[in-house]
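# Survey of secondary and tertiary structure
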Amino acid sequence: MNNKTFKVVVINTETQSVYEAQIPAQNTLQHWYDTIGNGCMLVTNALSIYDEARDIDNALLMDDEILLRLDDIQGGFTFGKGSPVYTNTAIFSGADNMGETCDTSINAEMVAKQIVWLTREQAIEHAEAALNDKCFIKFN
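For the structure given in this document, a descriptive report is provided here. Because the structure is a prediction, the values reported are computed rather than measured.

## Some details on the sheet that holds strand 6 (residues 86–87)
- Taken in spatial order, the three strands line up as 6-5-9 in an open sheet, and their pairing is antiparallel. Each edge of the open sheet carries a strand with a single partner, namely strand 6 and strand 9 (116–118).
- Two strands pair when backbone bridges link them, and strand 5 (residues 76–78) and strand 9 are joined in this way by three bridges, in the antiparallel orientation. Within strand 9, the position partnered with Gly-76 by the bridge is Leu-118.

## Some thoughts on the environment of Ala-95
- Its location among the elements puts Ala-95 in strand 7 (residues 90–95).
- Between the C-alpha atom of Ala-95 and that of Ala-59, which follows or precedes it by 36 residues, the distance is 7.7 Å.
- Aside from chain neighbours lying at most four places away, what touches Ala-95 is Asp-55, Ile-56, Asp-57, Glu-100, Thr-101 and Cys-102.

## With respect to the pairing of strand 2 (residues 17–24)
- Pairing geometry for strand 1 (residues 5–12) and strand 2, over eight bridges, is antiparallel. Pairing of Val-10 across the sheet is with Tyr-19, part of strand 2.
- Hairpin connection between strand 1 and strand 2: a loop of four residues separates the two successive antiparallel strands, and Gln-16 in this loop has a positive phi of roughly 50°.

## Some remarks on the pattern of salt bridges
- Overall, the coordinates contain four salt bridges when judged by the stated rule.
- Note that Arg-54 is salt-bridged to Asp-51, the shortest N-O span being 3.0 Å.
- Salt bridges here are not isolated pairs; linked through shared partners, they connect Asp-63, Arg-69 and Asp-72.

Rules used throughout
- Residues numbered from 1 in each chain as written.
- Predicted model: local features only at pLDDT ≥ 70, side-chain atom pairs only at ≥ 80, totals over all residues.
- Heavy atoms only, no water.
- Pairing = 2+ DSSP bridges.
- Helix = DSSP H or I, 4+ residues; strand = E, 2+ residues; numbered from the N terminus.
- Contact = heavy atoms within 4.5 Å.
- Salt bridge = Lys/Arg side-chain N within 4 Å of Asp/Glu carboxyl O.

See below:
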């Protein structure tokens, strides 16, 4: 039986907390979905931070379809002025130089210091604006 796990950093918008968690190596994708929550069934790599010293690509994974489910939005966050808005819970997961999942080298405490939290209402407002911007169709 394989008991291997991978360290991820969870950014939880409902509790406005940042913490480390362990994701089982088996069925990793399903555990990402479960950790992100709110019916997540497709993840996207919203941001990558390459750790050259450890040769690890740290991917910020989040629900790729959350903007299509406004009722499921619980909150959001940014990494400060000029940063994109990230909606709902997201996780940093690592990938080694072979593309295999590994422990993230991201530090939860350092991430927590960078976070600017958005309320549910602010996150929904941003999602609506993003949808209107991306889905604009001009009819003649």
